[in-house]
Structures are given as C-alpha cells and as structure tokens.
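# Observations on chain architecture
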Amino acid sequence: QVQLVESGGGAVQPGGSLRLSCVASGSIFSINAMGWYRQAPGKQRELVETITSGGSTNYADSVKGRFTISRDYAKKTVYLQMNSLKPEDTAVYYCNARAKPSRLSHEYGYWGQGTQVTVSS
C-alpha cells in the first residue's frame, strides 16, 4: 500500500505564498506521475498541476505563472510552490500519485488526506 502525506497548508492573505509538500511512503516499486488537485466547497475536485517521472508538467490555466510544481525523486516527494495567491485558490489541496506497489502489479492512483489552503484578507 502507498501512503501520501501532505503538509504546508494554512491561511494567507491575498498576494501571499505557500509551499505544499507531499511525501510518498509504503510499498512502492515505482512512481509515475505525482501532482496536486483541489476541491473548493460545493465544487468538484479539479486538477492543479501534475508532473510525470520524466518531468513533464500539466497545469490548470488558472494557476499558470503563479504555481510551480517540482519533485524530488529520491525523497519520493512532490512540492507545489504557490505565489500570488487569490481568494479563489481557497480549497482543500490533495496530493495524488500514480504508482506500482510491486514490479508485477498494475499502476494505481493514490490520494492523500488533503491540506486546507485559505486565502483571505
């Protein structure tokens, strides 16, 4: 089983910055993509930004130029640097990983418990 633990959420004023971290642990043979999704109250969960094992990224237009994803492959950790935060960025942010628990297993999607980000004056 693969576990994902997020950290770094909190409350910040508009224009501020936060850095989220997500560490993967457990039975892991390989990790393909890792990334971040978010869910605001009353809305569906949506993509924020992801990064593959090859370093390719995919992101939502709403965070372009403000959020940056990075990954430490050795530490099985993904980061999300969030700058110029806006009130509409307020949401629970979830870490996601596509991983194989063992060499012969299929690839599965795993989720963290989520971390709250609140942007308000």
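Residues numbered from 1 in each chain as written. Predicted model: local features only at pLDDT ≥ 70, side-chain atom pairs only at ≥ 80, totals over all residues. Heavy atoms only, no water.

## Focus on the overall build of the chain
Condition: Counting from the N terminus, the helices are DSSP H or I runs at least four residues long and the strands are E runs at least two residues long. The buried label applies to any residue whose accessible area, calculated with a 1.4 Å probe on protein chains only, is under 20% of its type's maximum; exposed applies above 50%, and partly exposed to all values in between. The contact criterion used throughout is that any non-hydrogen atoms of two residues lie within 4.5 Å.
Summing up its helical and strand segments, the chain has zero helices and eleven strands in all. Taken from N to C terminus, the helices and strands of the chain fall in the order β-β-β-β-β-β-β-β-β-β-β. Taking the principal axes of the C-alpha coordinates as reference, the chain spans close to 50 × 25 × 25 Å. Burial analysis of the chain (121 residues in total) assigns 40% to the buried set. Long-range contacts, defined here as pairs at least 24 residues apart, represent 54% of the contacts in the chain between residues at least 6 apart.

## Regarding the nonpolar core
Where we set the bar: For this analysis, a nonpolar core means a set of buried residues of the types Ala, Val, Leu, Ile, Met, Phe, Trp, Tyr and Cys, connected via side-chain atoms within 4.5 Å.
Within the largest apolar cluster, 30 residues are counted, with the highest numbers of intra-cluster contacts made by Leu4, Met34, Trp36, Leu80, Met82 and Tyr93. For this core, the secondary-structure elements that each account for two or more residues are strand E1 (2–7), strand E3 (18–26), strand E4 (30–39), strand E5 (46–51), strand E7 (67–72), strand E8 (77–82), strand E9 (91–100) and strand E11 (115–119). Take this core: its biggest share by element is five residues, from E9. Residues within four places of Met82 in sequence aside, it is in contact with Gly16, Ser17, Leu18, Leu20, Arg66, Phe67, Tyr93 and Val117.

## Some words on the packing of aromatic side chains
To keep it simple, the criterion reads: Two rings from Phe, Tyr or Trp (for Trp, the six-membered ring) form a pair when their centres are within 6.5 Å of each other. A pair whose planes differ by under 30 degrees is stacked, one over 60 is edge-to-face, and the rest are tilted. Charge-over-ring placement is defined geometrically: NZ (Lys) or CZ (Arg) within 6 Å of the ring centre, and within 35 degrees of the ring normal.
Scanning the model with the defined rule gives two aromatic pairs in all. For the ring pair Tyr37 and Trp111, a centre distance of 5.1 Å and an interplane angle of 70° mean the geometry is edge-to-face. Taken together, the residues span a long stretch of sequence, with Tyr37 in strand E4 and Trp111 in strand E10 (residues 108–111) at a distance of 74 residues. Their ring planes at 85° and their centres at 6.5 Å tell us that Tyr94 and Trp111 sit as a pair that is edge-to-face. In this pair, Tyr94 sits in strand E9 while Trp111 sits in strand E10, placing the two residues 17 residues apart along the sequence. When its relative accessible area of 14% is taken as the criterion, Tyr94 is described as buried. The class of Trp111 is partly exposed, set by a relative accessible area of 40%. Joined through ring pairs, the aromatic side chains of Tyr37, Tyr94 and Trp111 make up one cluster. Between Arg19 and the ring centre of Tyr79, over which it is positioned, the NZ or CZ distance is 4.0 Å.

## Things to note about the pairing of E3
Threshold: If DSSP finds at least two bridges between two strands, the strands pair.
Relative to E3, E1 is paired through six bridges, and the arrangement is antiparallel. Counted as the bridge partner of Ser7 is Ser21 from E3.

## A few points about the state of the cysteines
Rules: By definition, disulfides here are pairs of cysteine sulfur atoms that lie within 2.5 Å.
Throughout the structure, instances matching the rule amount to one disulfide. A sulfur-sulfur distance of 2.0 Å marks the disulfide that ties Cys22 to Cys95. As the torsion about the S-S bond is roughly -85°, the Cys22-Cys95 disulfide counts as left-handed. Of this pair, Cys22 sits in strand E3 while Cys95 sits in strand E9, and the two are 73 residues apart along the sequence.

By themselves, these figures tell us nothing about what the structure is for.
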